[in-house]
Every structure is written in structure tokens, then in C-alpha cells.
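Fold and contact review
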Amino acid sequence: MDVINVFAMNADNEKAKGSFAFDGDCFITKSFDENAEQYDKILSESSEKDYKPPFWLTIGYKVGWAATIVHMVLFFIYDAAFPESSSIFSDLPIVAVTAIVSCFLWVSCAVAGVVKRRDYEKENKAREGEDERRLKLFYKKLGVPEGANNIDVLCGIYRIDKKGKRKNAMASDFMSLDMKAYTDGESFMLADISTIYTFPLENICALKKTDRRVCMVGWNKTESYRDEKYREYKINGDNKGNVYFKGVASLQIKKDRTLYEILFPAYEINTLIKLTGLTPQGE
């Protein structure tokens, strides 16, 4: 029996419909599209505020630095050409004045740059706190309990080839979705910023774990993947945002004679055991 990844999508259907749809959208029990729209706006506003030093500050720093270097070179050249002279600065006072001005410009722009970056970091921290507060309101509006676990879910994007088989449509194996996981005693739930997916515990038939090594895009945890708690999963990354790790967990659910699965990085296995009560099976 073929297993359908709940959080996978057909890239060609996505292009044709122009909408965001997973293969497991039949598990959706609640949705607030306005949450997604407002969240996209938050992300857009945050991305527009990436730090860039003022143009005048950048020019002043570069001009001051270059002029200071030129004056230093002139000093050594003049000293070598006229060894009997004390220095170019004493013989040509104007050079001494311009040297002082250029050095002052360089240092003052460097200091101003440090101060402005520090102010930006303070503003950015305050903005992140405000964004976090707004996210909590979104989840509250959706009905997600405050104590829900943050969990990474593996999302796949595929295309159907001429033989009717699914082929990965990404450079990586998966994208990482940051979701909330919790249970009400009868169902296992996953929620993103605007949608709740509900999986009755009685329909969850297995929790399987493989040791295959995969690549996903994105790292959602607050701590680094180099943290001690992730060491056993042999995680590393590159400068393109790809994260490589060992182990994938599959939570399998039966619905209307169809077998679905939700894929997680293996480092989420303890959260899954706690919420579902299942013992992982090897493959």
C-alpha cells in the first residue's frame, strides 16, 4: 500500500491553482485564512528592516580609511626620499592637517557605525518580541493551547513523471515546517499559524523510525543544531540554509482505507512518544 505524506504537495497542481494545498488537507478541522495573511505581512515588514548602514556613513568611513592609508604611505615615501628631513608633516603642515581630518573622519564614522548597529539590534529585539506576542495571539485565536509543543514537520514537494511516479521537485529532500503539536486526549493535533490538522488517536497505527540521512531546508529551533542535545543525530549545515541530519520518524494514520504519514526529523521522536504513547518501530 502506498503511503501518502500528509504534508506533501504537487508542484504542478500548485502552479496551476496558485494556492497552497497539501495532500493531507482532508485532516483540516479549523482554518483562519486571515491569520496567514497577517503573518505574511509581519514577515514582509521584518524583511524590509534588514540592517543597512546609512549611505553617508559608508562613504565617510571608506573615504576616511583610504585617505588615512594614503597619508601613511606618503609619510614613508617622503621619509625614504628625504632622510635628512624630520617628516612630511613638519615640512608640509597642510598634509598634517589633512591627515588629522581623514583620521578623525575614519574613526568617527567607525564609532557612529557601531552605535547605529547597536541601536538597530535593540530595535530588532523589541520588534521580535512584538512579533512573538502577535504570533501567540494568532494561535490563541485558532484555539491552540498555550502549552503546545513546537515541532518540526518535514514537507515534501513533488512532480508526477510520465510513468505516474512521484519525483522530488526540490534540491533538498524536505522543507522544515515549524508547527505546534498537542493532544486533547482523543486526537493528535498539528497547527500552523492559520490551520489545525486533527488525527484521531484510534486511527494512528504506527510510529516508525529510519536511520536514513536527509537534507532539509531551514532550522526552526531556538538553540543551534550544534547543541549537545542534537549530537546523536549528526547534524550539520551549509551556507545555503540546508541542514543535514540522520533519522526520520514516520507517524502513520489510516483514513478511509488510505494510509497517510507525517514525517518528522528523528530529534522530535521523544515529543511524539509523549503525545501519542506509541513505541517507535525500526524499519
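Everything in this summary refers to the structure shown in the same document. Only a predicted model underlies this, so the values are computations on that prediction, with no experimental measurement involved. (Residues numbered from 1 in each chain as written. Predicted model: local features only at pLDDT ≥ 70, side-chain atom pairs only at ≥ 80, totals over all residues. Heavy atoms only, no water.)

1. Some words on the side chain of serine 250
- With respect to the helices and strands, the residue serine 250 is situated in strand β11 (residues 242-255).
- The class for serine 250 is buried, based on a relative accessible area of 5%.
- Separated by 3.5 Å, the side chains of serine 250 and glutamine 252 make a polar contact.
- Ignoring sequence-local partners within four residues, the contact set of serine 250 consists of Ala206, Leu207, Lys208, Glu261, Ile262 and Leu263. (Helix = DSSP H or I, 4+ residues; strand = E, 2+ residues; numbered from the N terminus. Buried < 20%, exposed > 50% of the residue type's maximum accessible area, 1.4 Å probe, protein only. Polar contact = N/O pair within 3.5 Å; in protein donor to acceptor, adjacent residues only side chain to side chain. Contact = heavy atoms within 4.5 Å.)

2. Details of a nonpolar patch on the surface
- Residues Tyr61, Trp65, Ile69, Met72, Val73, Phe76 and Ile77 make up a contiguous nonpolar surface patch of about 680 Å² in total accessible area.
- Residue classification places tyrosine 61 among the partly exposed residues on the basis of a relative accessible area of 35%. (Patch = residues over 30% accessible without salt bridge, like charges linked within 9 Å, V, L, I, M, F, W, Y side chains within 5 Å. Areas by Shrake-Rupley, 256 points an atom, 1.4 Å probe, with all protein chains shown as cover. Salt bridge = Lys/Arg side-chain N within 4 Å of Asp/Glu carboxyl O.)

3. Points about the pattern of salt bridges
- Considering all chains together, one arrives at six salt bridges under this definition.
- For arginine 159, the salt bridge identified is with aspartate 12, shortest N-O distance 3.0 Å. One end of the pair, arginine 159, is in strand β4 (residues 149-160); the other, aspartate 12, is in helix α1 (residues 11-17), and 147 residues separate them in sequence.
- Residues glutamate 228 and arginine 231 are paired through a salt bridge, measuring 3.3 Å at the closest nitrogen-oxygen approach. There is no split in this pair, since glutamate 228 and arginine 231 are both exposed.

4. Considerations on the packing of aromatic side chains
- In this structure the tally under the stated criterion is 11 aromatic pairs.
- Relative to phenylalanine 199, the ring of phenylalanine 188 lies with its centre 6.2 Å away and its plane at 35°, an arrangement referred to as tilted. One end of the pair, phenylalanine 188, is in strand β7 (residues 187-191); the other, phenylalanine 199, is in strand β8 (residues 195-200), with 11 residues separating them in the sequence. Phenylalanine 199 carries the same exposure label as phenylalanine 188, and that label is buried.
- A network of ring pairs unites the aromatic residues Trp219, Tyr225, Tyr230, Tyr233, Phe245 and Tyr267 as a single cluster.
- Just above the ring of phenylalanine 27 sits the side chain of lysine 255; from NZ or CZ to the centre is 5.6 Å. (Phe/Tyr/Trp six-rings, centres within 6.5 Å; stacked < 30°, edge-to-face > 60°. Lys NZ or Arg CZ within 6 Å of the ring centre and 35° of its normal.)

5. Considerations on the environment of alanine 8
- Assignment of secondary structure puts alanine 8 in strand β2 (residues 8-10).
- What makes alanine 8 buried here is its relative accessible area of 4%.
- Along the backbone, alanine 8 and alanine 21 are 13 residues apart, and their C-alpha atoms lie at a distance of 8.5 Å.
- When residues no more than four places from it in sequence are discounted, the contact partners of alanine 8 are Ala21, Phe22, Asp23, Gly156 and Tyr158.

6. Concerning the pairing of β11
- Counting buried positions along β11 yields 10 of 14 residues, so the element is predominantly enclosed.
- Note that strand β9 (residues 204-217) and β11 share 11 bridges and pair antiparallel. When the bridges of β11 are listed, leucine 207 appears paired with leucine 251.
- Bridging between strand β10 (residues 236-237) and β11 involves two bridges; their strand directions are antiparallel. (Pairing = 2+ DSSP bridges.)

7. Quick look at helix α6 (residues 269-276)
- Of the residues making up α6, those classed as buried are Ile269, Thr271, Leu272, Leu275 and Thr276. Down the axis of α6, the sector holding all buried residues measures 160°, keeping them to one side. Exposed positions of α6 whose direction lies more than 90 degrees from the buried face are Asn270 and Lys274.
- Each element contacted by the buried residues of α6 is listed here: β4, β6 (174-183), β7, β9, β11 and β12 (258-265). (Arc of directions from axis to C-beta.)

8. Regarding unusual backbone geometry
- Residues other than glycine seldom take positive phi values, yet lysine 234 does so here, at roughly 50°.
- By the element assignment, lysine 234 lies in the loop between β9 and β10.
- A relative accessible area of 52% means that lysine 234 is categorised as exposed.
- Its identity is not glycine, yet aspartate 256 carries a phi of approximately 50°, on the positive side.
- Taking the relative accessible area as the measure of exposure, aspartate 256 reaches 68% and is therefore exposed.

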